[in-house]
Amino acid sequence: MELEILDYSLDQVDWGEATRIEGRTLLLRPRDLQNLVEDLSPGIRVDFEIVRPGESKRIVHVLDTVVPLAKLDGSGITFPGFDGATELVGTGKTARLCNLLVTVTGRFPDLTALSPIEKPREGIVDMSGVGAAYSYGSDRFHLVLSLTPEPSVSNTAFDQILRSMALRCARFLVQIKPSGVEAERRRIALPPVDPRLPKVALVYQVQSQLMCARTFYYGEEVSRTLPTFVHPAEFFDGAVVSGNYKSERKIPTAEHCDHPFITELLARHGRTINFLGVILSRGYNDSFEQKKKMGLWVARLARNLGAQGAVALMEGTGNGTVDFMQTVKACEDEGIPTTAVLHESNGPKGYERPLVDHPREARGMISRGNVSEKIHIPPLEAVIGGYEIDLHLKATHDPRLPFLFDPTIFFGSYSKMGISGFRAQYES
Amino acid sequence: MVKVIHYLNQFFAGIGGEDKAGHEVLFLRQAVGVGGTVENSLKERGVEYATLVCGDNYFHEAEEAALAALRAAIEEFQPDILLAGPAFNAGRYGIACAKVCSWVRDLWRIPAITAMHEDNPGTREIGRGVFVLQTGASTASMPETLKRYLQFIQKLLDGDERGLEALRAEFCLAVPRRFTVRTDKPDYVRATDLLLARLGGQTYESEIPQIEAPSHAIPNLTIALADARVALVTEGGLVPKGNPDRLESSRGSRYFKYSVAGRDDLKQGEFQAMHTGYDTSTVDRDPDRLVPLDAMRVLENSRRIGKLHDHYFVTTGTGAMPSKMAELGAGIATEVADAGVHAVILTAT
């Protein structure tokens, strides 16, 4: 199984009279974008904005972000299970605009009808300043779709439509034929390598519970699947899509499609490791017994793949940590040393216990930093998406003003803190 | 020339004792009380001294107003260094010293030094980068503590980082606290490196220490179960429909009790779960599955237990800090014990 990726990287994104790519400049005609999503948007106003890395801009109410991704030759599909018949993905040629993101912002039409667990959490993206190192996507261009639904739109419809719009825009943008620019080509494959290299699997646990807190695999909710093997190339073709609005903890769809852990293990494949692929599993199971079983099944799958070691990451926090730790424990019990990556909640003053669950088997942990430490967040010049942010159901705040809060206010911050190289450490 | 501002409570500023604990913030452009000793010792280097005085109760009851007054004073005086205390084992004073130091250090990035005894509850409020000198429990250690303040100030003025670290190691309270730092490698590189080190049989260090939760002995039931009064307690956020007391759906800061007297079960539509940490739809359909009133009535009627307590207790555990939950738990425990409850069934989510 082999996928060829053609990466087009942009130097500039701007509005233009016609939608086209000139050299490394993407020009967008607003009318084309409106036409593209028109049939999806009865009852929803869509405002388009362009945001560039380094700008003094803050995007608020971010729900998801997607990397433009489409099959080059018309054969095959991306984002299987959404908008069309399902096919297996992970082969052929996929083109990407690799430093552009389609970012959807907005508020659900009827927040009072959502239970506490369903309510989206506030997530902001700061393109510069202190927050940039905590904001997923701060280093890329954004085409922002700000959605304003009328009250007649149901929450269920809004949830589906925002995803459909993002995925459709993501496919559309790649159809704009770049001219005179060479793509950077990447091969996503796991060819046979020196059998003496240690065999390593990636355990990839996602949050999947119910509407607004779920993840899709080929369009199916992961909560209705068992731990399964997924080839890295399938991720790059959009086999895993986020429907999770637990903002700071979520793995955005763009990250599912280009996960730095997968890229790192692919880069080391054949050099220092024999990368076996990914085990996709579900966090946030409802009972301890279910959490334990999920861990046992992951460990059995890893064992049958022949894994001698594993790297494990999870989406979420608290509740999901128990599933995660049961998985780490089960892998270690199977004799598969497992390095697990997590954020810590040491409290604003740093003295609280770092993790809600930490069995002694989890002896090789990597930290992403203390997510409950307060930081001063200065204002940026422009705010996109609204003028009132929700400080996690405790208070509201005008995002044009400075505030003191922890990294949980930033979209995709748990992932981004890891990418930024943050960790927690005892104050010397 | 160094500008030092010193935070004192009403007692150490010589204003009065407990009767003056409600004193508002006072900003004086001179040294007061123990500040005089520090000022005198710094005279040779050149010093401008100011004092902030605040009553212990005032700080706690009107923290926002107190901080606003402190902010105005600090913006006017533009200090180079903040001192607070020493607070010894005085709890309210220690908390105020720690909070003021943390707040000033965070906002103005100037060095902040305070001092207290290791048992002072203020040790739980120390922010990042604040120097907290260890003192004895009483004012007997005052002269020595003032000497330490001076040593720290001198090292700070000399820019002697190494000397400062040595002083910190020797004289500061060792309260293990974890904060975010930036490494030069992202998590995916460190994770793979650590795994390879493990697989290669090399030494490695986990980045997250394993900290055992404090253990609690389970008390024996002091009475026959058939005579015992049993209470239901949950952190699952179950409240009467409409959430009349506005229990938070995450990071609960309070607990509530609700009567179940005269009820045999908790009906759908009359109760709801306020909780962002688990899928609450099952509980919303049948609240007894979180607070099992129906089952307890069966046990009560069949005399397996003596009596079900008339109230159940509830908070929301998700996202909350363990220290906060310990505080709420202690409150619930005291209340049920005082009500003559012998045993509790605690349902967690």
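Residues numbered from 1 in each chain as written. Chains lettered and ligands numbered in written order. Predicted model: local features only at pLDDT ≥ 70, side-chain atom pairs only at ≥ 80, totals over all residues.

K.L.:
I would appreciate a short explanation of the overall build of chain A in the present structure.
P.N.:
Across its full length, chain A holds 8 helices and 28 strands. Residue burial in chain A is summarised as follows: out of 428 residues, 56% are buried. Long-range pairs, those at least 24 residues apart, make up 80% of the contacts in chain A between residues at least 6 apart in sequence. (Helix = DSSP H or I, 4+ residues; strand = E, 2+ residues; numbered from the N terminus. Buried ≥ 20, exposed ≤ 12 C-beta atoms within 10 Å, placed from the backbone. Contact = placed C-beta atoms within 7 Å.)

K.L.:
What is the right way to read the overall build of chain B from this model?
P.N.:
Scanning chain B from terminus to terminus reveals 10 helices and 14 strands. Relative to the compact-globule value of 20 Å for 349 residues, chain B shows a C-alpha radius of gyration of 27 Å, a clear excess of over 25%. Overall, chain B is about 85 × 65 × 40 Å in size when its C-alpha atoms are taken along their principal axes. Across the 349 residues that make up chain B, the buried fraction comes to 40%. In chain B, of all internal contacts separated by at least 6 residues, the share reaching a separation of at least 24 is 72%. (Rg over C-alpha atoms; globule rule 2.2 N^0.38 Å.)

K.L.:
Is there a simple way to explain the confidence of the model for chain B in this structure?
P.N.:
If pLDDT is low for a region, its predicted coordinates should not be looked at in detail. Scored by pLDDT, chain B comes out at a mean of 94, with 100% of its residues at no less than 70. Reported for the predicted complex are a pTM of 0.93 and an ipTM of 0.97. (pLDDT = per-residue confidence, 0-100.)

K.L.:
What exactly am I supposed to notice about the sheet that holds strand S20 (residues 309-314) of chain A here?
P.N.:
Think of a sheet as strands paired side by side through backbone hydrogen bonds, with each pair either parallel or antiparallel. Residue and element names in this part refer to chain A. Taken in spatial order, the 6 strands line up as S17-S19-S14-S20-S21-S22 in an open sheet, and their pairing is mixed. For this open sheet the edge positions go to strand S17 (228-230) and strand S22 (365-370), each flanked by a neighbour on one side alone. Direction aside, the axes of adjacent strands within the sheet are offset by 25° on average. The pairing of S17 with strand S19 (residues 274-283) spans 3 bridges and is classified as antiparallel. (Pairing = 2+ DSSP bridges. Axes fitted to C-alpha atoms, helices over the stretch in contact; angles between N-to-C directions.)

K.L.:
Please explain the nonpolar core as it appears in this structure.
P.N.:
Inside soluble globular proteins, nonpolar side chains tend to come together where they are buried. In this structure, Val-200, Ala-302 and Ala-310 of chain A are the most contacted members of the largest nonpolar core, which totals 125 residues. In this structure, Val-200 of chain A is in contact with Leu-265, Ile-273, Asn-274, Phe-275, Leu-276, Ala-307, Gly-309, Ala-310 and Val-311 of chain A together with Leu-195 of chain B, ignoring residues within four places of it in sequence. Listed in part, the 50 residues of the second largest apolar core include Tyr-93, Ile-113, Val-132 and Tyr-149 of chain B. (Core = buried A, V, L, I, M, F, W, Y, C linked by C-beta atoms within 7 Å.)

K.L.:
Can you walk me through the packing of helix H6 (residues 288-305) of chain A against helix H7 (residues 318-333) of chain A in this structure?
P.N.:
Two numbers describe a pair of packed helices, the interaxial angle and the distance between the axes. Residues and elements named next belong to chain A. H7 packs onto H6 with a crossing angle of 40° between their chain directions and a minimal axis gap of 8 Å. As judged from the angle between their axes, H6 and H7 are oblique. Crossing of H6 against H7: the hand is right-handed. Seen from H6, the contacting residues are Phe-288, Lys-291, Lys-292, Met-294, Gly-295, Leu-296, Val-298, Ala-299 and Ala-302; seen from H7, they are Val-322, Asp-323, Gln-326, Thr-327, Lys-329, Ala-330, Cys-331 and Asp-333. (Parallel < 35°, antiparallel > 145°, perpendicular 65-115°, else oblique. Left-handed = near helix turned anticlockwise from the far one by under 90°.)

K.L.:
Can you walk me through helix H2 (residues 155-175) of chain A in this structure?
P.N.:
Taking 1.5 Å per residue as the helical rise, H2 of chain A with its 21 residues ought to reach 30 Å, and the 31 Å between its terminal C-alpha atoms agrees with that figure. Of all the positions in H2 of chain A, only Phe-158, Ile-161, Leu-162, Arg-163, Met-165, Ala-166, Leu-167, Cys-169, Ala-170, Arg-171, Leu-173 and Val-174 of chain A are classed as buried. (Expected span 1.5 Å × (residues − 1).)

K.L.:
What am I meant to see in the domain arrangement of chain B here?
P.N.:
By a widely used convention, the size of an interface equals the accessible area lost when the partners come together. One can read the domain layout of chain B as domain 1 (2-171) and domain 2 (225-347). Relative to domain 2 of chain B, the C-alpha centre of domain 1 of chain B lies at a distance of 44 Å. (Domains from an automatic or database assignment.)

K.L.:
Would you mind going over the interface of chain B and chain A with me for this structure?
P.N.:
At the interface, 51 residues of chain B touch 57 residues of chain A. Broken down by element, the side of chain B that touches chain A gets its largest block of residues, 11 residues, from helix H7 (residues 187-199) of chain B. When grouped by side-chain class, the residues that make up the side of chain B that touches chain A number 21 nonpolar, 16 polar and 14 charged. The sheet contact formed by strand S28 (residues 422-426) of chain A and strand S7 (residues 178-182) of chain B spans 5 bridges and is antiparallel. Bridging from a neighbouring strand, Phe-422 of chain A pairs with Arg-182 of chain B of S7 of chain B. (Nonpolar A, V, L, I, M, F, W, Y, C, P; charged D, E, K, R; others polar.)

K.L.:
What am I meant to see in the pairing of strand S21 (residues 338-344) of chain A here?
P.N.:
Each regular strand displays side chains that alternate between the two surfaces of the sheet. Residues and elements named next belong to chain A. With 7 of 7 residues buried, S21 lies mostly within the body of the structure. Taking the sense of rotation as the criterion, the β-α-β connection linking S20, H7 and S21 turns out right-handed. Bridging between S21 and S22 involves 4 bridges; their strand directions are parallel. Counterpart to Val-341 in the pairing with S22 is Ile-366. (Right-handed = clockwise from strand over helix to strand, strands pointing away.)

K.L.:
Whenever I open this one, the sheet that holds strand S9 (residues 92-97) of chain A confuses me. Can you help?
P.N.:
Residues and elements named next belong to chain A. The strand order across the open sheet formed by 4 strands is S8-S9-S1-S13, and the pairing between neighbours is mixed. The strands lining the two open edges of the sheet, one partner per strand, are strand S8 (69-71) and strand S13 (184-189). Ignoring strand direction, the axes of neighbouring strands in this sheet form an average angle of 25°. Pairing of strand S1 (residues 2-8) with S9 involves 6 bridges; the strand directions are parallel. Residue pairing in the sheet places Glu-4 in a bridge with Lys-93 of S9. Its contacts with the sheet place H2 against S8 and S9, and it is angled at close to 60° to S8.

K.L.:
What am I meant to see in the pairing of strand S5 (residues 112-116) of chain B here?
P.N.:
Residue and element names in this part refer to chain B. Where burial is concerned, most of S5 is hidden: 5 out of the 5 residues are buried. Along S5, one buried face is formed by Ala-112, Thr-114 and Met-116 and the opposite face, lined by Ile-113 and Ala-115, is buried too. Bridging between strand S4 (residues 81-84) and S5 involves 3 bridges; their strand directions are parallel. Directly across from Ala-84, in S5, lies its bridge partner Thr-114.

K.L.:
Sorry if this is basic, but what is going on with unusual backbone geometry here?
P.N.:
Note: most residues except glycine have negative phi, and most peptide bonds are trans. All names here are of chain B. Cis rather than trans, the peptide bond between Gly-85 and Pro-86 has omega equal to 10°. With respect to the helices and strands, the residue Pro-86 is situated in the loop between S4 and helix H4 (91-108). In this model, Asn-243 sits at a positive phi of 50°, which is unusual for a non-glycine residue. Along the chain, the position of Asn-243 falls in the loop between strand S9 (238-240) and strand S10 (256-259).

K.L.:
Mind showing me how you'd approach the packing of helix H5 (residues 142-158) of chain B against helix H6 (residues 161-171) of chain B here?
P.N.:
Residue and element names in this part refer to chain B. The interhelical angle for the contact between H5 and H6, taken along N-to-C directions, is 155°, at an axis separation of 9 Å. When the axis of H5 is compared with that of H6, the two are roughly antiparallel. Two packed elements cross with a definite hand, and for H5 against H6 that hand is left-handed. Taken together, the residues of H6 that come into contact with H5 (itself represented by Arg-148, Gln-151, Phe-152, Lys-155 and Leu-156) are Gly-163, Leu-164, Leu-167 and Phe-171. Residue composition of the contact of H5 with H6, by class: 5 nonpolar, 2 polar and 2 charged.

K.L.:
When you look at the environment of Phe-271 of chain B in this model, what are you seeing that I'm missing?
P.N.:
Residues and elements named next belong to chain B. Structurally, Phe-271 can be placed in strand S11 (residues 271-273). The buried category is assigned to Phe-271, around which 23 C-beta atoms lie within 10 Å. Each C-alpha atom, one on Phe-271 and one on Asn-243, is 8.5 Å from the other, the two residues being 28 residues apart in sequence. Excluding anything up to four places from it in sequence, Phe-271 contacts Leu-238, Val-239, Pro-240, Lys-241, Leu-266 and Pro-287.

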